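Here is what each chain is made of, one letter per residue.
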2 protein chains.
Amino acid sequence: MYVIVVYDVKVERVNKVKGFLRQNLFWIQNSVFEGELTNSEFKKVSDGLMNIIDEECDSVIIYKFMMEESLTRDVLGVEKSPIDEIL
Amino acid sequence: MYVIVVYDVKVERVNKVKGFLRQNLFWIQNSVFEGELTNSEFKKVSDGLMNIIDEECDSVIIYKFMMEESLTRDVLGVEKSPIDEIL
């Protein structure tokens, strides 16, 4: 599956979340990562995030696409990460 | 089409971007909006954002889905905006 992960976590956990996601996905923009994951990688990412975040105040959304071809993207302004090479 | 908009803009333009997107889409999380747009609404949103942002340093990504049913979402931690009622 193809995933987009967006997060809104307390500042003291931002670097931990970012570092963890960087091991598994591509950094796209402030608080946004993307990438292709197998089911087991998805579970690893999801479980790993649950271990890092504080469920009482942090929020992470994982958008999942089974059909990547139904997804297109427009970039306005600066392309912070040239993901087009990957997508 | 269904869209997810994520933005990474200089602090002095955050409120303007947020206010503009709020007129057209649903706020989901820090720097993330979602919603259904017609082609003409999409053009309005895209043009409006281009008028607000500084293309030299700001970045906005609009993910577009022609087949909304291929999109699912997992929320870890807090659901900041209860979009499930909408999706």
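Residues numbered from 1 in each chain as written. Chains lettered and ligands numbered in written order. Predicted model: local features only at pLDDT ≥ 70, side-chain atom pairs only at ≥ 80, totals over all residues. Heavy atoms only, no water.

## Notes on the relation of the copies chain B and chain A
Once chain B is rotated about the relating axis by 180° and shifted along it by 0.0 Å, it coincides with chain A to within an RMSD of 0.0 Å. Expressed as a symmetry operation, the mapping of one chain copy onto the other fits a two-fold axis. Closest approach to the rotation axis within chain B is made by the C-alpha atom of Ser70 of chain B, at a distance of 3.7 Å. Interface residue correspondence from chain B to chain A reaches 100%, placing this contact among same-surface, isologous pairings. (Least-squares fit on C-alpha atoms with pLDDT ≥ 70 in both. Contact = heavy atoms within 4.5 Å.)

## Considerations on the packing of helix α1 (residues 11-24) of chain A against helix α2 (residues 39-52) of chain A
When two helices pack together, their arrangement is given by the angle between the helix axes and by the axis-to-axis distance. Residue and element names in this part refer to chain A. At their nearest, the axes of α1 and α2 sit 10 Å apart, and the two run at 170° to each other. If you check the angle between α1 and α2, you find them roughly antiparallel. Between α1 and α2 lies a crossing of right-handed hand. Residues Arg13, Lys16, Val17, Phe20, Leu21 and Asn24 of α1 lie in contact with α2, whose contacting residues are Lys44, Val45, Gly48, Leu49 and Ile52. (Axes fitted to C-alpha atoms, helices over the stretch in contact; angles between N-to-C directions. Helix = DSSP H or I, 4+ residues; strand = E, 2+ residues; numbered from the N terminus. Parallel < 35°, antiparallel > 145°, perpendicular 65-115°, else oblique. Left-handed = near helix turned anticlockwise from the far one by under 90°.)

## Regarding the side chain of Asp8 of chain B
Examined against the element boundaries, Asp8 of chain B turns out to sit in strand β1 (residues 2-8). Here Asp8 of chain B falls in the buried class, since its relative accessible area comes to 15%. Only 3.3 Å separates the side chain of Asp8 of chain B from the backbone nitrogen of Asn30 of chain A, close enough to count as a polar contact. Setting aside its immediate chain neighbours within four residues, Asp8 of chain B contacts Gln29, Asn30 and Lys80 of chain A together with Asp58 and Ser59 of chain B. (Buried < 20%, exposed > 50% of the residue type's maximum accessible area, 1.4 Å probe, protein only. Polar contact = N/O pair within 3.5 Å; in protein donor to acceptor, adjacent residues only side chain to side chain.)

## A look at α1 of chain A
Residue and element names in this part refer to chain A. For α1, spanning 14 residues, the distance from its first C-alpha to its last is 21 Å, which sits close to the expected 20 Å at 1.5 Å a residue. For α1, every residue scored as buried is listed here: Arg13, Val17, Lys18, Phe20, Leu21 and Asn24. Looking at the buried side of α1, the elements it contacts are β1 (2-8), β2 (26-29), β3 (32-36) and α2. (Expected span 1.5 Å × (residues − 1).)

## Considering the UniProt feature "binding site: Mg(2+)" (unreviewed entry) in chain A
Following the UniProt record, one finds the feature "binding site: Mg(2+)" (unreviewed entry) at Asp8 of chain A. Once you skip the residues sitting within four places of it in the chain, Asp8 of chain A turns out to touch Cys57, Asp58 and Ser59 of chain A together with Gln29, Asn30 and Lys80 of chain B. (UniProt positions renumbered as here; feature names shortened; annotations may be inferred.)

## Points about helix α2 (residues 39-52) of chain B
Counting along an α-helix, one turn takes 3.6 residues, and residues three or four places apart therefore face a common direction. For α2 of chain B, built from 14 residues, the straight-helix expectation of 20 Å at 1.5 Å per residue is met to within 8% by its first-to-last C-alpha distance of 20 Å. Of the surrounding elements, those touching the buried residues of α2 of chain B are β5 (71-77) of chain A together with β1, α1 (11-22) and β4 (59-65) of chain B.

## Here's the deal with the packing of aromatic side chains
This structure, assessed with the given rule, holds 3 aromatic pairs over all chains. Between the aromatic rings of Phe65 of chain A and Phe65 of chain B, the centroid separation amounts to 4.9 Å while the plane-to-plane angle is 20°, which identifies the pairing as stacked. In this pair, Phe65 of chain A is assigned in strand β4 (residues 59-65) and Phe65 of chain B in strand β4, connecting two distinct chains. There is no split in this pair, since Phe65 of chain A and Phe65 of chain B are both buried. (Phe/Tyr/Trp six-rings, centres within 6.5 Å; stacked < 30°, edge-to-face > 60°.)

## Details of empty space enclosed by the protein
Under the definition given, this model contains 1 cavity of 30 Å³ or more. As a volume, the largest cavity reaches approximately 30 Å³. In this structure, the largest cavity is lined by Val6, Tyr7, Gln29, Asn30, Ser31 and Val32 of chain A together with Val6, Tyr7, Gln29, Asn30, Ser31 and Val32 of chain B. When residues of the lining of the largest cavity are traced back to their parent elements, those giving at least two are β1 of chain A together with β1 of chain B. (1 Å grid on protein atoms, 1.4 Å probe; cavity = no way out; pocket = protein on both sides within 12 Å on 5 of 7 lines; lining within 4 Å. Points joined across faces, edges and corners; volume = space filled by probe spheres on them.)

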